[in-house]
Amino acid sequence: MKSLITSIIGTLISVQAMSQVAAKSDVVNVILPHGTSVIEKGNIERTVHTNFKRTSIPFDKENYFQSDGLIISFWDDKVNPEFNRKLDDIQPGILAVLKYNHDQVNFSKIITVNGMRFLIYEYEKDNEVDLRFQSEFDKNNRDVLGVIQFKKPNEERGQQYLQQLLQNMYHKD
């Protein structure tokens with residue numbers, strides 16, 4: 001009986017591990033929240049334009065996902081050392097651009113999760129919301145940036161998804 005229970009538990013753990021969606025990154029290891037499915041790179045543009053009037057999701061990256069009304073993308077970035085700036089220095093410039101573009105900024109904050117600092121900001125226009133995040137640069141001048149796009153009624157779901165995503169994200173170094 002004990003070996004049967006051990007076998008069942010092992011099978012459940014294996015099934016759960018296999019159901020996790022993989023993301024590509026040289027900067028972080030990440031486990032995506034349950035219910036996330038991949039959007040193939042060739043389908044991202046059509047998927048976004050079918051569901052939204054505008055987007056800030058770049059179409060030339062590798063990680064595209066969806067989950068219950070949310071479209072998620074994140075990507076690695078690397079800068080020359082002279083352009084490496086702290087999140088506290090980046091934040092005012094981003095907010096100025098959003099204000100200039102007449103986007104309604106819902107919030108902007110810097111948080112620390114798993115020893116990583118992130119700038120998180122949410123803005124909207126015409127009932128469509130972008131929830132963006134950017135990590136602090138690592139010692140190799142790399143960071144990870146991302147966006148979760150959704151309609152205003154999915155705002156709470158989008159914020160919960162980002163919280164789960166960041167809690168499951170760790171520097172590779």
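Residues numbered from 1 in each chain as written. Predicted model: local features only at pLDDT ≥ 70, side-chain atom pairs only at ≥ 80, totals over all residues. Heavy atoms only, no water.

Student: An account of the pairing of strand 5 (residues 104–113) is needed here, citing residue identities and associated values.
Tutor: The pairing of strand 5 with strand 6 (residues 116–125) spans nine bridges and is antiparallel. Across the sheet, residue Thr 112 finds its bridge partner in strand 6, namely Arg 117. (Pairing = 2+ DSSP bridges. Helix = DSSP H or I, 4+ residues; strand = E, 2+ residues; numbered from the N terminus.)

Student: Break down the environment of Gln 159 for me, citing the residues and quoting the values.
Tutor: Here Gln 159 shows up in helix 4 (residues 155–167). For the pair Gln 159 and Ile 148, spaced 11 residues apart in sequence, the C-alpha to C-alpha distance is 8.8 Å.

Student: So what's going on with the nonpolar core? Residues and values would help.
Tutor: Core analysis: the biggest nonpolar cluster contains 24 residues, and Phe 118, Phe 133, Leu 165 and Met 169 have the highest contact counts within it. Elements represented by at least two residues in this core include exactly strand 1 (28–30), strand 4 (70–78), strand 6, strand 7 (128–135), strand 8 (142–151) and helix 4. Broken down by element, the residue count for this core peaks at four residues, all from helix 4. Not counting residues up to four positions away in its chain, the partners in contact with Phe 133 are Phe 74, Phe 118, Leu 119, Ile 120, Val 144, Leu 145, Gly 146, Val 147, Leu 162, Leu 165, Leu 166 and Met 169. (Core = buried A, V, L, I, M, F, W, Y, C linked by side-chain atoms within 4.5 Å. Buried < 20%, exposed > 50% of the residue type's maximum accessible area, 1.4 Å probe, protein only. Contact = heavy atoms within 4.5 Å.)

Student: Can you break down the environment of Asn 114 residue by residue, with the values?
Tutor: Looking at where Asn 114 falls in the secondary structure, it is placed in the loop between strand 5 and strand 6. Each C-alpha atom of the pair Asn 114 and Met 169 lies 7.5 Å from the other, and the pair is 55 residues apart in sequence. Excluding anything up to four places from it in sequence, Asn 114 contacts Leu 166, Gln 167, Asn 168, Met 169 and Tyr 170. A distance of 3.4 Å separates the side chain of Asn 114 from the backbone oxygen of Leu 166, its partner in a polar contact. (Polar contact = N/O pair within 3.5 Å; in protein donor to acceptor, adjacent residues only side chain to side chain.)

Student: Give a detailed account of the side chain of Ser 73, specifying residues and quantitative values.
Tutor: Along the chain, Ser 73 falls in strand 4. Here Asn 63 takes part through its backbone oxygen, which lies 3.0 Å from a polar atom of the side chain of Ser 73. Discounting chain neighbours no more than four positions away, the residues touching Ser 73 are Ile 57, Asn 63, Tyr 64, Leu 145, Gly 146 and Val 147.

Student: Go over the sheet that holds strand 7 with me, naming the residues and quoting the values.
Tutor: An order of 2-3-4-8-7-6-5 is seen for the seven strands of this open sheet, with the pairing classed as antiparallel. Lying at the two open borders of the sheet, with one neighbouring strand each, are strand 2 (37–38) and strand 5. Each of strand 3 (63–67), strand 4, strand 7 and strand 8 is contacted by helix 2 (residues 44–51), which is oriented at about 130° to strand 4, the strand it contacts most. (Axes fitted to C-alpha atoms, helices over the stretch in contact; angles between N-to-C directions.)

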